[in-house]
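# Reading the structure
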Amino acid sequence: MAKLLYSATASLDGYIAGPGGDMSWLTEHLVGENPTADHLLANVGAILAGNNTFGGDDPNRGTDSEGAFGGQYHGPVVVLTHRPPAEPVPDVTFAGDLHTAVARAKEAAGDKYVNMLGANVAKQCIEAGLLDEILMFFAPVLLGDGVRMFDQPGGTTVRLAPIPGETAHWYRVTY
């Protein structure tokens, strides 16, 4: 059965996007080989994204690398939103509630990962006890402001355990 994985690249001060969801800061950090990202991409069966992430900025906008995983991902996408577009989007399913979105993404992923994109959707999955793993990449920059990789003021502690044999920042959520 598919596992839910939240993966993102963050600045060293914990932001996955700049103010207003700006992703342009990330462009210069998406160069060179990344075996962990390649390993992840090979094991992603579906993407679950929030509407802000789905329709938001892309660090590769206007290039051949635009899209998830630098334009390398081609597969099913489920978007959690209360405002689906009037016209269908190829390979994209829209769901109005978290549990439906997760179920559709897991079904589409088969026995691979559902890679979650978006801090808000990740937060909702953590609060609902649905998130299985977290993989964070870090870029050598301090943004100072923007969208935090995880933001839950007054929230409870979420315990993580390193996954043996994986990169230093790939964790199992232990609840």
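The following paragraphs examine the structure supplied in this document. (Residues numbered from 1 in each chain as written. Predicted model: local features only at pLDDT ≥ 70, side-chain atom pairs only at ≥ 80, totals over all residues. Heavy atoms only, no water.)

## Digging into unusual backbone geometry
You will see that Asp91, though not glycine, has its phi angle at about 60 degrees, which is positive. Tracing the chain through its elements places Asp91 in the loop between β4 (77–80) and β5 (92–95). Judged by its relative accessible area of 60%, Asp91 falls in the exposed class. Phi at Tyr175 is positive, roughly 45 degrees, even though this residue is not glycine. (Helix = DSSP H or I, 4+ residues; strand = E, 2+ residues; numbered from the N terminus. Buried < 20%, exposed > 50% of the residue type's maximum accessible area, 1.4 Å probe, protein only.)

## Description of the layout of surface pockets
When its volume is computed, the second largest pocket comes out at roughly 190 Å³. Looking at the second largest pocket, the residues that line it are Tyr6, Ile126, Ile134, Met136, Phe138, Met149, Phe150, Thr156, Val158, Leu160, His169 and Tyr171. Per element, the largest residue contribution to the lining of the second largest pocket is three residues, and it comes from strand β7 (residues 133–139). Across the lining of the second largest pocket, the residue classes tally to ten nonpolar, two polar and no charged. (1 Å grid on protein atoms, 1.4 Å probe; cavity = no way out; pocket = protein on both sides within 12 Å on 5 of 7 lines; lining within 4 Å. Points joined across faces, edges and corners; volume = space filled by probe spheres on them. Nonpolar A, V, L, I, M, F, W, Y, C, P; charged D, E, K, R; others polar.)

## Some points on helix α4 (residues 119–127)
If you check which residues of α4 are buried, you get Ala119, Val121, Ala122, Cys125 and Ile126. Within α4, the buried residues cover an arc of 160 degrees as seen down the axis, which keeps them to one side. Just past α4, the residue Gly129 takes up positive phi, approximately 75 degrees. (Arc of directions from axis to C-beta.)

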